[in-house]
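One-letter residues, chain by chain:
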Amino acid sequence: MSDFRAEVREWIAANLPDSIRTPMPEEEIPWGGRNASFPNPQSRQWLEAVIAKGWTAPTWPAAYGGGGLDAAQAMILQEELERANARPALFSFGLWMLGPVLLEYGTEEQKQRFLPPIVRGEIRWCQGYSEPGAGSDLASLRTRAEDKGDHWLVNGQKVWTTYADKADWIFALVRTDPAAPKHQGISFLLIDLRTPGVSVRPIELISGSSPFCETFFDDVKVPKENMVGPLNGGWTIAKKLLQYERQNVSAVGFGGDRSVRIEDLAKQAAGEVDGRIADGALRNRIARHNLYDRAVDLTTRRSQIDTDSGSVGALTSVVKYASAKANQARGELAVELLGLDGLGWSGGNFDPRDLAETRKWLRSKGNSIEGGTSEINLNVISKRVLGLPD
Amino acid sequence: MTVSADDLQMLEDTARLWVRENAPARAGLGRDPALGPAQWRAAAEMGWAAAAVPEEAGGAGFGFAGLGALLSEVGREIADMPLLANGIAAALVARHGSDKARADLLPGLLDGRLRAALAIGEGAHHGSALATIARQQDGGWVLEGRKSWVAGGAQADVLLVAARGDRPMLFLADGKAVKAEAIDSVDGRAFAHVLLDGVMVAEDALLVGNGDLVAHATGLARIGLAAEMVGAGERALEIIVDYLKTREQFGRKIGSFQALQHRAALMLVDLELARSCVQAALAAADEEREDLEELAILAKYMAGEAIHLISTEMVQMHGGIGMTAEHVAGNYIKWARVSEALLGGNALLAERYATIRGY
C-alpha cells in the first residue's frame, strides 16, 4: 500500500463519523451556502474535517483552499472514500462546474475571490443557462447585458435554474453583442442573487418537486469585474462548463437516492427462494440492469480521471447519455415491481417508501433532458467524437 | 504491478502495426488462415506472451493491463493466435505452478515455443457446471471428461484443464496425452473438442493457490476475451464510420443522416462502457482483488452487449455489400457471436452475477 493510501485510510478512520457511512437521504444532502442547513450535525463535522484538508476540491491548488493533489492521489482518495462508504462532504455546482472554469479562465483576482468560498461551501452557486427560447439551441439566448460604463445592466429571463431559490450567486450566460453571430456575442457573468432586480420563482414538476426555477433579471446592475473571460468570449467557457455539468449530474446519480436496492424491491415483488429472487426471468432482468448501472459508474469514474489529468472530452456525453438511461431504467423497474402500490400520489394508504419510488420515477424523466438532452449528446458524439459529416 | 500509461500506449502502437501487417482481418468464408508458427514466435519474442508475468519470473512485467492492451490489438483484426491462452497460462504457471512446471514449461510458454490452450468450458453453453473429474491414483491424478470449443485445442502443446476433485482444480496436461477433435466453426477459428479419456498427470501438474483457482482462471480468461472483444468492436465501429463518411446516396454522405448518426453514437456508448469495465477488471487482476470474478463477468457481459450491437449494425449499415462474403462485416459478426458464447453467454453471466451479489 502506498504511503498516501495509508495516510488517507488513517485519516478517514479518525474523521469519518458513523452516520456519514450510511446511504444519504435527500434531506441530508449538504449543499452549503449562506443558509446552509445540517439536519444531521455529523454532516457539518465531516464537512469541516474535509475542508481542513482541502479535500472538497482535492485537485485544486492549495493557494485557493484546494487539496493540491495530483490525479493519481485524487483517485486514491476517491477509492478510499468509497471503500469507507463515506458520503460526499459537499454537493456544489461551484465545485463541479464553476470552479474548474474559473481555474482555467478566471483572473488571479477572481480565483482568489471566488474559489476559497466554494471550497469551504460558504457560497452556493446556481447555473443560468437555458431560457424559454433557448433550450437545446442554447446559443440563441437573449438575456442582455449592456455596458453602462462602470457596470453591466442585465435584463432577461433564465429558466431551469436548478435551486436558484436556495442559491447565493448565479453564473450566467448573457448576450453582450446582439449584432454578432449568435455564438460570438455571448459573455459569462457572475451575479449575486441578492442584487436588486433579481427575482426567482420555482417551477412545479410532474414529480411534485421543484428543484428548478425561473430567474428574472430586471435592470440588474452587475460590477464590471464579474465577467469571466473575454467580452463576447463566453461561448467557449459555456461549452467547457457544460462538459463538467454532464459529467457531474451523472456522477451524483441525478441526485437519485440509491439507498433502496432494486434487487430488494424484486425480492419483495416476486418472493424469495433461498434468499434469491424467486422468478428467474425477473432475476435476470435485475442483474442485467445492475451490470449496466455498474458499467456506467465505472465509466463516470474513468471520465473523472480524465478531468483530473486535465482533459474533459469524448466521454462526457457518453456518461451523460448512459447515466440518464440507467437511472430511468431503474425508475421504470421500481414502479413495475411495486405494481399499483407504486402508483399512489400521497396519503396514508401508501407506504412512504413506495411513494418516494413513484416520485423518483417521475423525476428521472428529466434526466434525459437536463444538462443537454440525450439527443444533443448523441449529436455531440456523432459529430465531435466520430467525426460524422453535417 | 503497474505499467505507465506511456509504456502501455507504446505497446499498443507497436502491436497495432504488427497485427495489421501480419494477421489482418480478411473477408471470406471458411477457415481463418491461422497464424503460422514462425509469426507466432515473432510475436512471442516481442514479449507478448510474457506480458502478465513479472520480470523476476522471467516475464515482461507489463501486468494484465499490458496483456489486455495486446489482446485488444489482436481482437481488432479478429486474429486467430494463442496469445490469450499463452498469456494467461504463463501467468498462472508462474504464480501457481510447481517448481517442475515452472522449470519445464514456463520458458516455452513465455517465448511461444509451447502453445497453450485453456480447456475450461464444457457443453454448448460453457456453463458453470464442471463435469470433468480428477481422481487421485498412484501419486498422481487421472482426468476424465470432455471440454468443448477449446481455442487452439488441436495445436496445443500444453493444456490448462479445469476438473473437479474434492474441489475445483486446475491441471497442466500434455497436448499429446489428450484427444483433440478439430471443429469447423462458423467464424473459422481453430477450435477443438478435447477428450480427456483417463489422462494421467503427475502431482506436480496441479496448480496450487488460495481460493478457487478454476474460478480465478475462468475470470482471467473472460477478462482476456472481453479485451479482445472490445478491440474487435472498436475496429468494427471504425470500419462502419469510414463507410458512413464515404458512401453517398440521395446526393449526400449517408453519415450526414441523423438517424444513422445516432445509431453510430449508441454503438460508441456501449463500446466505452465495455472498455471501462475491461480496464477495471484488468486492474482487479493486477491487484489480485477478491472481486475479480464479478468484474470479469461485468467485463465480458458489457463487451458482449457492445459487440453484439456493433457487429449487427456493421452488416446493416453496409447494406447489400455487408451480406456478401467479399466484405469483412460477415467475419466480424461471426467472430462476435462465437466470442459472446464462449465462457458463458450473457444470460448465464447475468445469472452468475446475481448469485455472487446475493439475489
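Counting its regular elements, chain A contains eleven helices and ten strands. In terms of C-alpha radius of gyration, chain A reaches 22 Å, essentially the compact-globule figure of 21 Å for 390 residues. By its C-alpha atoms, chain A is 75 × 50 × 50 Å across when sized along the principal axes. Residue burial in chain A is summarised as follows: out of 390 residues, 42% are buried.

A separate point is the overall build of chain B. What chain B contains, in helices and strands, is eleven helices and nine strands. The principal-axis extent of the C-alpha atoms belonging to chain B is close to 75 × 40 × 40 Å. Across the 359 residues that make up chain B, the buried fraction comes to 55%. Counting only contacts in chain B whose residues sit at least 6 apart along the sequence, the fraction spanning at least 24 positions is 75%.

Considered domain by domain, chain A is made up of domain 1 (3–91), domain 2 (125–232) and domain 3 (252–385). A straight line from the C-alpha centre of domain 1 of chain A to that of domain 3 of chain A covers 25 Å.

Let us now look at the interface of chain A and chain B. Contacts between chain A and chain B engage 29 residues on the former and 27 residues on the latter. Secondary-structure elements contributing two or more residues to the side of chain A that touches chain B are α7 (262–270), β10 (276–277), α8 (280–308), α9 (314–338) and α11 (374–385) of chain A. Sort the elements by how many residues they give to the side of chain A that touches chain B and α8 of chain A lands first, with twelve residues.

Time to look at the packing of α9 of chain A against helix α10 (residues 352–364) of chain A. All names here are of chain A. Across the interface, α9 lies against α10 with an axial gap of 8 Å and an inter-helix angle of 145°. Judged by the sense of rotation from one axis to the other, the crossing of α9 with α10 is left-handed. Contacts between α9 and α10 involve Asn327, Gln328, Gly331, Glu332, Ala334, Val335 and Leu338 on the former and, on the latter, Asp354, Glu357, Thr358, Lys360, Trp361 and Ser364. Tallied by class, the residues present in the contact of α9 with α10 amount to four nonpolar, five polar and four charged.

A word on the environment of Gly33 of chain A. Following the sequence through the fold, Gly33 of chain A ends up in the loop between α1 (3–15) and α2 (41–53). Sequence spacing of Gly33 of chain A and Gly371 of chain A is 338 residues, and the spatial spacing of their C-alpha atoms is 22 Å.

This part covers the domain arrangement of chain B. Residues and elements named next belong to chain B. Considered domain by domain, chain B is made up of domain 1 (5–114), domain 2 (117–205) and domain 3 (213–356). Between the C-alpha centres of domain 2 and domain 3 the distance comes to 28 Å. Contact residues are listed per partner, giving 18 residues for domain 2 and 15 residues for domain 3. Mapped onto the side of domain 2 that touches domain 3, the elements with two or more residues apiece are β4 (158–164) and β5 (168–174). Broken down by element, the residue count for the side of domain 2 that touches domain 3 peaks at three residues, all from β5.

Bringing the nonpolar core into the picture now. By size, the foremost hydrophobic cluster in this structure holds 168 residues, and its most contacted members are Phe171 and Ala281 of chain B. Ile76, Val119, Leu138 and Leu189 of chain A belong to the second-largest nonpolar core, a separate cluster that totals 65 residues.

Attention now moves to the pairing of strand β2 (residues 133–137) of chain B. Pairing analysis gives five bridges linking β2 of chain B to strand β3 (residues 140–151) of chain B, with the strands arranged antiparallel. Note on β3 of chain B: the bridge partner recorded for Ala134 of chain B is Leu143 of chain B.

Residues and elements named next belong to chain B. Although it is not a glycine, His126 adopts a positive phi angle of roughly 45°. On the secondary structure map, His126 appears in the loop between β1 (116–119) and β2. Since 20 C-beta atoms lie within 10 Å of it, His126 is described here as buried. The backbone of Leu343 shows a phi angle near 55°, a positive value even though the residue is not glycine. By secondary structure assignment, the location of Leu343 is in the loop between α10 (329–341) and α11 (346–356). Taking the C-beta count within 10 Å as the criterion, Leu343 has 24 such neighbours and is therefore assigned buried.

The rules behind each value
Residues numbered from 1 in each chain as written. Chains lettered and ligands numbered in written order. Predicted model: local features only at pLDDT ≥ 70, side-chain atom pairs only at ≥ 80, totals over all residues. Helix = DSSP H or I, 4+ residues; strand = E, 2+ residues; numbered from the N terminus. Rg over C-alpha atoms; globule rule 2.2 N^0.38 Å. Buried ≥ 20, exposed ≤ 12 C-beta atoms within 10 Å, placed from the backbone. Contact = placed C-beta atoms within 7 Å. Domains from an automatic or database assignment. Axes fitted to C-alpha atoms, helices over the stretch in contact; angles between N-to-C directions. Left-handed = near helix turned anticlockwise from the far one by under 90°. Nonpolar A, V, L, I, M, F, W, Y, C, P; charged D, E, K, R; others polar. Core = buried A, V, L, I, M, F, W, Y, C linked by C-beta atoms within 7 Å. Pairing = 2+ DSSP bridges.

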